[in-house]
Amino acid sequence: MSKVLIAVDGTKASTAVTSTFYNSVSRPERLILLHVEKLEGRSLMVDMLGDAEMTTLKESMAGTEHKVALDEKADKILSYYKHEFENSGAGEIVTMVRAGHPCEEILKVAAEENVDLILIGNSERKGLSRVISGSVAREVQKHTKIPVLVAKRPPSCEEPYSWRDAIAAVSVTSAIVFALFLFGTFVHR
Amino acid sequence: MKKVLIAVDDTKGSKAVLSVFKNLVRPPQEVLLLHVQRLEGKSLMIDMLGDAELSTLRESLSGTEYKEELDRKSEQILNYYKRELEDGGLISIRTMIRDGIEADEILKVAEEEKVDLIITGANENKGMMRIIAGCLPSEVERRSKVPVLVGKDENAAEVYGLQGAAQKI
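Criteria and thresholds
Residues numbered from 1 in each chain as written. Chains lettered and ligands numbered in written order. Predicted model: local features only at pLDDT ≥ 70, side-chain atom pairs only at ≥ 80, totals over all residues. Heavy atoms only, no water. Contact = heavy atoms within 4.5 Å. Buried area = accessible area lost by both parts, 1.4 Å probe. Salt bridge = Lys/Arg side-chain N within 4 Å of Asp/Glu carboxyl O. Polar contact = N/O pair within 3.5 Å; in protein donor to acceptor, adjacent residues only side chain to side chain. Helix = DSSP H or I, 4+ residues; strand = E, 2+ residues; numbered from the N terminus. Nonpolar A, V, L, I, M, F, W, Y, C, P; charged D, E, K, R; others polar. Pairing = 2+ DSSP bridges. Phe/Tyr/Trp six-rings, centres within 6.5 Å; stacked < 30°, edge-to-face > 60°. Buried < 20%, exposed > 50% of the residue type's maximum accessible area, 1.4 Å probe, protein only. Domains from an automatic or database assignment.

Caption draft 1: Representation of the interface of chain B and chain A within the structure. On the side of chain A, 26 residues touch chain B, which itself brings 24 residues to the contact. With both sides pooled, the region where chain B packs onto chain A buries about 2200 Å², and carbon together with sulfur makes up 54% of that total. Scanning the region where chain B abuts chain A turns up one salt bridge. Two residues, Arg 138 of chain A and Glu 141 of chain B, come together in a salt bridge whose shortest N-O distance is 3.9 Å. Our count for the contact surface shared by chain B and chain A stands at 11 residue pairs in polar contact (both at pLDDT 80 or more). Of all the elements in the fold, those that place two or more residues in the side of chain B that touches chain A are helix H1 (16-24), helix H6 (136-143) and strand S5 (148-150) of chain B. Ranked by residue count, the leading element in the side of chain B that touches chain A is H6 of chain B, at four residues. Each residue belonging to the side of chain B that touches chain A can be placed in one class, and the counts come to 12 nonpolar, four polar and eight charged. Two elements, strand S5 (residues 148-151) of chain A and S5 of chain B, share three bridges in a ladder whose sense is antiparallel. Opposite Val 150 of chain A, over in S5 of chain B, you have Val 148 of chain B as the bridge partner.

Shown next, in the form of structure tokens:
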């Protein structure tokens, strides 16, 4: 067991990788923390760009404020995770920042570094937004020959009051009020 | 880590769980080996059956030769994996046989037994087959509440693909 690649981003879902790593993965000699900057923010345009357009985009972005802000954010994310993993007993921790298409970059780095496992958080997208923007974890898992561990965020505490409870509460209250009202008129007579 | 659920079947892709488990996972206290029997063979009908129809199917199958054959096969599969894991120095291995819809049963067992990690093998379906029959690891991964490790085995990659055959010809 030598190399593990952990792909992280700024989402909450991504924090699940920490606990999963501590609980399930045997300690690697080399731990690679990778963050892929999405140059277009949340736009889905990036999926449609070819290599040539991507390089043009990268060139035109270099040195701009937006890119500087992205780099700062990437640094923050990576230093957070580096701190988290420092006491894990992993041999060597390397951080990496790439820009471009998340899935492709993750696969590229995995191939370059010849890693043995890819650990990735699961975006908890549901329904339509999942259909449109897809899941990076799923895509990575589909395209690689390397084992993929998909971390899941522990189910957050269930909503204390759902709309069902609200309806139940309202109907019970109105039933009581109605009963009291009937009782009142009955006694009055 | 306490419990790990390993879902196995008779495909080559499933063998990847062994190397993955050996190399990457922290040794757990207990391993659950699960095999889900496909009552309908490779037919896709099973995805359309509701609970009621499934239980009818189970009842009508119980005691038949076909079911016995299935049971024997699952015993074989589970024994194979159990032996392989025991060679790796594991002691507490529990085997389990379920029947029905694979993803559903895996998730059900994971929930009942409160496992910490699910390991599945890779899916071998490609292209059109994948669209029709779906991908078990993906489905488990999507619906599971616990981390899912998808085993892949580079050695298990196709020895003779379509391209290799074309070249030879």
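Caption draft 2: Seen up close, the packing of aromatic side chains. All names here are of chain A. For the coordinates displayed, the defined rule picks out five aromatic pairs over all chains. Between Phe 21 and Phe 85, the aromatic rings sit 5.2 Å apart at their centres with planes inclined by 80°, giving edge-to-face as the arrangement. Of this pair, Phe 21 sits in helix H1 (residues 16-24) while Phe 85 sits in helix H3 (residues 65-85), and the two are 64 residues apart along the sequence. Residue Phe 21 is classed as buried on the basis of its relative accessible area, which comes to 0%. Ring centres of Tyr 80 and Tyr 81 lie 4.9 Å apart, and the angle between their planes is 80°; this geometry places the pair in the edge-to-face category.

Caption draft 3: Structural detail: the domain arrangement of chain A. Here the domain parsing of chain A yields domain 1 (3-151) and domain 2 (161-189). The straight-line distance from the C-alpha centre of domain 1 of chain A to that of domain 2 of chain A is 54 Å.

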